[in-house]
Amino acid sequence: MPQVAIPPIVVVAALAVSLAVAQSTFPATPLVSKRFSYPTGIPYKADTDVGLIRGEQSGYNICNSTTEGQNSLCQTGFINGLDDFCLWAPSKANSTIADTEGEEVAWCTKPGRGTRLIPSGALQGVQFMKTPDYIQVVGYLNQSLINMQDGDFGGELDPHGADLRGNPMGGLLYTQQFNTPSGQWTQVIEWHNFMGGERFCFKACDPAGAHAADFCQHIFDRIGCAYNAPNNATQGVFESCLGDNQDFPGIYTVNGQVMTYTQPPEEAGPIPPLPYQPRVPPSSSCTQFDSAKLYPVQTATSATSTNNQPSGTQSGAGGSQGTQGSNGGRRAGVSELIGMTSVSFVGVFFSMLFFS
Ligand SMILES: *[C@@H]1O[C@H](CO)[C@@H](O)[C@H](O)[C@H]1NC(C)=O
Ligand SMILES: *[C@@H]1O[C@H](CO)[C@@H](O)[C@H](O)[C@H]1NC(C)=O
Ligand SMILES: *[C@@H]1O[C@H](CO)[C@@H](O)[C@H](O)[C@H]1NC(C)=O
Ligand SMILES: *[C@@H]1O[C@H](CO)[C@@H](O)[C@H](O)[C@H]1NC(C)=O
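Quick caveat, the model's predicted, so the values are computed rather than measured.

**Q** Explanation requested: the pattern of salt bridges in the structure shown.
**A** Should their charged atoms come close, side chains of opposite charge can pair. Applying the stated rule across the entire model yields five salt bridges. Residue R54 pairs with D163 through a salt bridge whose shortest N-O separation is 2.7 Å. Here R54, found in the loop between α1 (8-22) and β1 (76-81), pairs with D163, found in the loop between β7 (155-157) and β8 (172-175); they are 109 residues apart in sequence, far enough to count as distant. Of the charged contacts in the structure, one is a salt bridge between D247 and R279, with a shortest N-O distance of 3.1 Å. Separated by 32 residues along the polypeptide, D247 in the loop between β12 (238-243) and β13 (251-254) and R279 in the loop between β14 (257-260) and β15 (283-289) bring together distant segments of the chain.

Below is the structure:
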């Protein structure tokens, strides 16, 4: 029987097609549709998908005394108060958020839940805020102490991601702050956590609220904390506040008209000056604390050394953090409102424009 020669290119093409067919992107169930009660209902991994393009969940969600410590790969986080919150950050030293967003692990202020602990001196000013619809923690950070590369401009972590598996994939978040008088844990469904530029902001929206997905909007990933979590956090100050709700990120009012901002795509280059200043909502009460008392285990000597930093000066360059830089970037002084942008292909270059 005559041999039929199959041209190599056809073989390669057929292989490529079968590989492409075999590997898909989206999970059967998006992370935001999964519900687990803490602590008893937590699975070993919230993301059980295999064979998807981004691979498998890098860590785990069942975290306990055997996982606790600086090698923990716990991806169950908590946000409860000024003295009790976690941030998502890399598991390996000198990493960028852009390179590791799918794999971040929980770094926490409070021991006892199987996570890593935020080391002494890393937190350099924190404002915790509780409002009718969300809780939020915003602050200044020595980010290399939680494995972020010096100068990394960072990015946004949220439970969506382009493929709906979340960043980190399988990351779960819990709080006792939402209408749980006897201390039950609520799974936070909608949240966003911006990390980078020696700053962070982490907002967790009450799932019982009608607008959790709006307050914790995740599509404005390039315009940072100042626009996604307008705040008064001040370097060297550790305070816990009650306050009013923010506007939804990206929504602003000019002359009584409600407008929606559209974030340009990364291909369009650096973000042009934004057409609005975010409104920092009023706080009804703030109580300040000594950081050494807040974080006794990890920070015996920490942030009191920053207490002589200028505080409360939100005026900075021209009255707000939004003053335009000479290159169309945005300026932010050390003690100004925390503003940062996000993962960007223009990376460091953009960050210089944004923060310089
Ligand atoms: C502790 O957590 C690890 C990692 O998730 C898990 O393998 C182990 O079963 C847990 N131990 C207990 C006693 O739950
Ligand atoms: C961190 O990584 C960058 C880029 O790979 C490298 O230039 C730098 O030397 C590293 N820093 C440390 C402290 O290892
Ligand atoms: C962060 O902490 C390390 C270790 O204490 C220190 O060497 C470094 O200068 C600090 N970085 C910043 C930006 O303060
Ligand atoms: C922010 O500061 C302004 C001006 O001092 C104040 O009116 C407002 O209540 C503060 N809001 C928050 C959330 O701290």
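Picking up after the structure, the text goes on.
**Q** Looking at this structure, how should I read the pairing of strand β2 (residues 84-89)?
**A** For a regular strand, the rule is simple: side chains alternate between the two faces of the sheet. Burial runs high along β2: six of the six residues are buried. Of the two faces of β2, the one holding D84, C86 and W88 and the one holding F85, L87 and A89 are both buried throughout. As judged from the two bridges shared by β1 and β2, these two strands associate in the antiparallel manner. Note on β2: the bridge partner recorded for G81 is D84. Where β1 hands over to β2, the hairpin turn is made up of two residues, counted between the paired strands.

**Q** Explanation requested: the sheet that holds strand β4 (residues 116-117) in the structure shown.
**A** Where strands meet in a sheet, backbone hydrogen bonds hold them as pairs that are either parallel or antiparallel. Taken in spatial order, the six strands make up an open sheet running β4-β3-β2-β1-β8-β9, and their pairing is mixed. What marks the edges here is a single partner per strand, and that holds for β4 and β9 (186-187). Where strand β3 (residues 105-108) lies against β4, two bridges are found, and the strand directions are parallel. Considered in β4, the bridge of C108 is made with L117.

Basis of the calculations
Residues numbered from 1 in each chain as written. Chains lettered and ligands numbered in written order. Predicted model: local features only at pLDDT ≥ 70, side-chain atom pairs only at ≥ 80, totals over all residues. Heavy atoms only, no water. Salt bridge = Lys/Arg side-chain N within 4 Å of Asp/Glu carboxyl O. Helix = DSSP H or I, 4+ residues; strand = E, 2+ residues; numbered from the N terminus. Buried < 20%, exposed > 50% of the residue type's maximum accessible area, 1.4 Å probe, protein only. Pairing = 2+ DSSP bridges.

These figures come from the coordinates and say nothing about function on their own.
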